[in-house]
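# Structure assessment
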Amino acid sequence: EAGVAQSPRYKIIEKRQSVAFWCNPISGHATLYWYQQILGQGPKLLIQFQNNGVVDDSQLPKDRFSAERLKGVDSTLKIQPAKLEDSAVYLCASSLGGGSSYEQYFGPGTRLTVT
Amino acid sequence: DQQVKQNSPSLSVQEGRISILNCDYTNSMFDYFLWYKKYPAEGPTFLISISSIKDKNEDGRFTVFLNKSAKHLSLHIVPSQPGDSAVYFCAASPLNAGNMLTFGGGTRLMVKP
């Protein structure tokens, strides 16, 4: 079974530029998550999708971050414009369902450096 | 406001001995707790979980203990192996809130041969 795919793996941009990350979840997984992991900290949930609808985006900085999952499969997370404090690893995860008993499977992440 | 805390950023143990990783939480609404393991340049992988109706869950070399009154959980690895060297994250999820995990800051475990 193929795992969660993410691209790119690494990205370096200057502040005020835009960047987009792509995630393809495990086939058949209805729930998709984006996390931000700042160096030395645990992952922080940014947004959760159930199929193509948003379940929770309370921790997404909506003035600069946006995410979509148009066909209920793959997803894109965008930052526009980027700030220095956005430097982090962005992790995508997926699960079969949205209940707490469903294991979340994580992708390898995209490491973003904002200079 | 850190709702899930792992107060030890690192832990070093000898191969064959017990590793004990600790986690404290403040939100009394948390009722499902998980441990994830992370190797460099990889995403976290699920290790073991426990529901608040239990106080212990065991899976091979890994055992998680939950003390609800103290809002504390721990992960025991016995015996520890060099391949267990990784960063371990504790995570928690509240009742009826879907699968929204709150993670601790992680503990780096080093198992010396």
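Provided above is the structure to which this section pertains.
Within each chain, residue numbers correspond to sequence positions counted from 1 in written order. Key to labels: chains lettered from A, ligands numbered from 1, both in the order written. Only residues with pLDDT of at least 70 are given local features in this predicted model, and only at 80 or more are side-chain atom pairs given and counted; all residues enter the totals for whole chains, interfaces and linings. As a convention, hydrogens and water are excluded, and side-chain values are obtained from all of the structure's heavy atoms.

## Concerning the nonpolar core
Stated formally: Side-chain atoms within 4.5 Å link the members of a nonpolar core, which is a set of buried Ala, Val, Leu, Ile, Met, Phe, Trp, Tyr and Cys residues. Relative accessibility under 20% of the residue-type maximum defines a buried residue, over 50% an exposed one, and the middle range a partly exposed one, all with a 1.4 Å probe and only protein chains included. Labels follow the DSSP assignment, with helices taken as runs of H or I lasting at least four residues and strands as runs of E lasting at least two, numbered in each case from the N terminus.
Among the nonpolar cores identified, the biggest contains 23 residues, and F33, W35, L73, L75 and Y88 of chain B are the most heavily contacted of them. For this core, the secondary-structure elements that each account for two or more residues are β3 (19–25), β4 (30–38), β5 (45–51), β7 (62–67), β8 (72–77), β9 (86–94) and β11 (107–112) of chain B. A per-element tally of this core places β9 of chain B first, with four residues. Judged by nonpolar contacts, the second largest core, of 21 residues, contains L60, L77, A82 and L112 of chain A.

## Remarks on the packing of aromatic side chains
Each aromatic ring pair is summarised here by two numbers: the centre-to-centre distance and the angle between the ring planes. Our working rule: Pairing of aromatic rings covers Phe, Tyr and Trp, the last counted by its six-membered ring, and requires centre-to-centre distances within 6.5 Å; plane angles under 30 degrees mean stacked, over 60 mean edge-to-face, and any other angle means tilted.
Inspection of every chain in the model, using the stated rule, returns twelve aromatic pairs over all chains. Judged by centre distance (6.0 Å) and plane angle (75 degrees), the rings of Y36 of chain B and F46 of chain B are edge-to-face. A residue pair is termed long-range when its members are at least 10 positions apart, and Y36 of chain B in strand β4 and F46 of chain B in strand β5 qualify at ten residues. Taking 6.3 Å as the distance between ring centres and 85 degrees as the angle between the ring planes, the aromatic pair formed by F89 of chain B and F103 of chain B counts as edge-to-face. In this pair, F89 of chain B sits in strand β9 while F103 of chain B sits in strand β10 (residues 102–103), placing the two residues 14 residues apart along the sequence. Like F89 of chain B, the residue F103 of chain B is buried in the burial classification. One aromatic cluster is present, built from ring pairs that chain together Y33, Y35 and F106 of chain A together with Y36, F46, F89 and F103 of chain B.

## Re the state of the cysteines
Should the sulfur atoms of two cysteines be covalently bonded, the bond is a disulfide. Rule in force here: By disulfide we mean two sulfur atoms from cysteines, separated by a distance within 2.5 Å.
The full count for this structure, using the stated rule, is two disulfides over all chains. The disulfide bridge from C23 of chain A ends at C92 of chain A, spanning 1.9 Å between sulfur atoms. Where C23 of chain A bonds to C92 of chain A through sulfur, the torsion about that S-S bond is close to -70 degrees, and the disulfide is left-handed. Here C92 of chain A lies in strand β9 (residues 88–95) and C23 of chain A lies in strand β3 (residues 19–24), a separation of 69 residues in the sequence. What makes C92 of chain A buried here is its relative accessible area of 0%. A disulfide bridge connects C23 of chain B with C90 of chain B, and the sulfur atoms are separated by 2.0 Å. Between C23 of chain B and C90 of chain B, the S-S dihedral sits near -70 degrees, and the bridge is therefore left-handed. Here the residue C23 of chain B occupies a position in strand β3, and C90 of chain B occupies one in strand β9, the gap between them amounting to 67 residues. With respect to class, C23 of chain B is no different from C90 of chain B; both count as buried.

## As for the interface of chain B and chain A
The cut-off we apply is this: Residues are treated as being in contact if the distance between any of their heavy atoms lies within 4.5 Å. As used here, buried area is the combined drop in accessible area, with a 1.4 Å probe, of two parts when they are placed together. For this analysis, a salt bridge means a side-chain nitrogen from Lys or Arg found within 4 Å of a carboxyl oxygen belonging to Asp or Glu. In the analysis that follows, any N or O atom pair within 3.5 Å is treated as a polar contact, provided that within protein one partner can donate a hydrogen and the other can accept it, and provided that, for residues neighboring in sequence, both atoms belong to side chains.
On the chain A side, the residues contacting the 17 residues of chain B number 24 residues. Summing both partners gives a buried area of about 1500 Å² for chain B against chain A, and 55% of it is carried by carbon and sulfur. One can count zero salt bridges joining chain B with chain A. For the interface between chain B and chain A, the tally reads one residue pair in polar contact (both at pLDDT 80 or more).

## Brief notes about the side chain of T31 of chain A
All names here are of chain A. Tracing the backbone through its elements, the reader meets T31 in strand β4 (residues 31–37). Accessibility expressed as a relative area gives 0% for T31, which makes it buried. In contact with T31, other than residues within four places in its own chain, are Q48, F49, Q50, R69, A93, S94, S95, L96, G97 and G98.

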